[in-house]
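# A look at the structure
The residues making up each chain are set out below.
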Amino acid sequence: MSEPPPRSLRLRLDREALAGNWRALDRLSGSARAGAAVKADAYGIGVANAVPVLREAGCETFYVAHWSEVTDLLEYAAPEQVVVLHGPIGPDDVAFARETGVRPVINSLYQARLWLDGGGGRCDMMVDTGINRLGLPPGDVGDALVGRLEIETLMSHLASADEDSAQNEAQRRLFEDLAQQMPHRRRSLANSAGIALGRGYAFDITRPGLSLYGGVPRPELAGDIRQVAHPQAAVLQLRDLSPGDSVGYNATYTAERKMRAATVSLGYADGFLRCWSGKGALRFGEAVLPLLGLVSMDMVVVDCRAAPDLREGDWLDIPYDLPQAADRSGLSQYELLTTLGRRFQRSA
Ligand SMILES: *Cc1c(COP(=O)(O)O)cnc(C)c1O
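Residue indices follow the written sequence of each chain, beginning from 1 at its first position. In view of the model being predicted, local features appear only for residues whose pLDDT reaches at least 70, and side-chain atom pairs are presented and counted only at 80 or more, with totals across whole chains, interfaces and linings using the full set of residues. Side-chain measures were taken over the full set of non-hydrogen atoms in the model, leaving aside hydrogen atoms and water.

Quick look at helix H6 (residues 109–117) now. Taken as a whole, H6 has its buried residues at Leu109, Gln111, Ala112, Leu114, Trp115 and Leu116. The inward-facing, buried residues of H6 abut helix H5 (91–100), strand S6 (103–106), strand S7 (122–126) and helix H7 (144–147). Runs of E in the DSSP output that reach at least two residues are strands. Runs of H or I that reach at least four are helices, and both are numbered from the N terminus. Phi turns positive, to about 115°, at Gly119, one or two residues after H6. A 1.4 Å probe rolled over the protein chains alone gives each residue an accessible area, and that area as a share of the maximum for its type sets the label: buried under 20%, exposed over 50%, partly exposed in between. In this description, contact between two residues means that some pair of their heavy atoms is separated by no more than 4.5 Å.

In structure tokens:
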């Protein structure tokens, strides 16, 4: 069969920005080294695109959430560089970890027992210091099972690092206390926002995700972090609207005057969710083309009066400066990245 034609959605990845963001976060981590959270297919960027760039920049530790994410990652990273945050929930996970040589994070006594019963070996350990989500409760730290683990990196996770919350310092202190009760080789606490809280939060290795890919969870990072994902969509059709013509499902927009509209190959199935309806705008060069009506599954319609020279087949930019796009859409910067769909042609 012949090759499919080029896609009508593309996601240009700025590799230099990605590498620069990792280097900035590594530098801001002080004497700690930065790793990289590459779960959820590198936050939608694509493991195949992101990991080689991050390795080249100097990154040596990669975090995924699921065991199902390991095989892809092992194409680009060595087993000893891979850490699985969710940890084992059954014996098959333990067997897979031991076969592949990747490290599980042990999050509970249940997981500690599974791991040890399956033969054990080096692992990481997550202790809960207040997020109450995943991680060993402080009361379980003294358990004999914990004493039998070979803990490489002891970690915890901040709940409110993107805010000036007293919880940050409380978690940092509890982490230090708990760390004294468990043998381990290295410590890790900070995600992207945690790195911006200062050197006291960096310990030995940091775990940025969002900011690698252009997210700015705290204003302190704004000057150092650059946009990585630049999505674009093609114009499928141009049409002239007359006063009284309505656009899209449920006719939520009605033209008041004669105008030109463009139908664009971008919809909620591509991660351009319905919350953009009536709020978003695409761009053609400097021209701003506001959305008309509701976002459909595969299409949006934009007002293209600002771009009289627009043609069918032209490419429109989807504004994806993450802090701005989050403000405008009401989505989080994380959601904006991780929902970018599979129909985008990802390229660097
Ligand atoms: C996802 C995740 C990170 C990365 O967090 P960001 O806010 O994206 O920087 C770090 N640590 C753990 C445990 C995570 O689950």
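Strand order in this open sheet of seven strands is S3-S4-S5-S6-S7-S8-S9, and the pairing throughout is parallel. Both outer strands of the open sheet, strand S3 (36–37) and strand S9 (186–188), are each paired with one neighbouring strand and no more. In this sheet, S6 lies alongside strand S5 (residues 82–84) in parallel orientation, the contact comprising two bridges. Across the sheet, Val84 pairs through a bridge with Pro104, a residue of S6. One requirement defines pairing of two strands: DSSP has to find at least two bridges between them.

This paragraph deals with the pattern of salt bridges. Just to be clear on terms, a salt bridge is a Lys or Arg side-chain nitrogen sitting within 4 Å of an Asp or Glu carboxyl oxygen. Overall, the coordinates contain 16 salt bridges when judged by the stated rule. A salt bridge links Arg218 to Asp164; its shortest N-O distance comes to 2.5 Å. Taken together, the residues Arg218 in the loop between strand S10 (205–206) and strand S11 (229–241) and Asp164 in the loop between strand S8 (150–155) and helix H8 (166–179) connect sequence positions 54 residues apart.

The next point concerns the nonpolar core. In this text, buried Ala, Val, Leu, Ile, Met, Phe, Trp, Tyr and Cys residues form a nonpolar core when linked through side-chain atoms within 4.5 Å. By size, the foremost hydrophobic cluster in this structure holds 99 residues, and its most contacted members are Val38, Leu54, Met125, Tyr213, Leu266 and Leu282. Sorting elements by how many residues they give to this core places helix H3 (residues 47–57) first, with six residues. The residues that make up this core include at least three from each of domain 1 (15–215) and domain 2 (229–319). A domain assignment, automatic or from a database, supplies the domain bounds used here.

Moving on to helix H10 (residues 322–329). For H10, every residue scored as buried is listed here: Leu322, Ala325, Ala326 and Ser329. Looking straight down H10, one finds its buried side chains confined to an arc of 100°; they lie on one side. In this structure, H10 carries Gln324 and Asp327 as exposed residues pointing more than 90 degrees from its buried face. Where H10 is buried, its residues touch helix H11 (333–338). For the purposes of these results, a polar contact is taken to be a pair of N or O atoms within 3.5 Å, where, inside protein, one atom must be able to donate a hydrogen and its partner to accept one; residues adjacent in sequence count only when each atom of the pair is a side-chain atom. The N-terminus of H10 is capped by Asp321, whose side-chain oxygen sits 3.1 Å from the backbone nitrogen of Gln324. Two residues or fewer after H10 comes Gly330, characterised by a positive phi angle close to 80°. Comment: arc refers to directions from the helix axis out to C-beta atoms.

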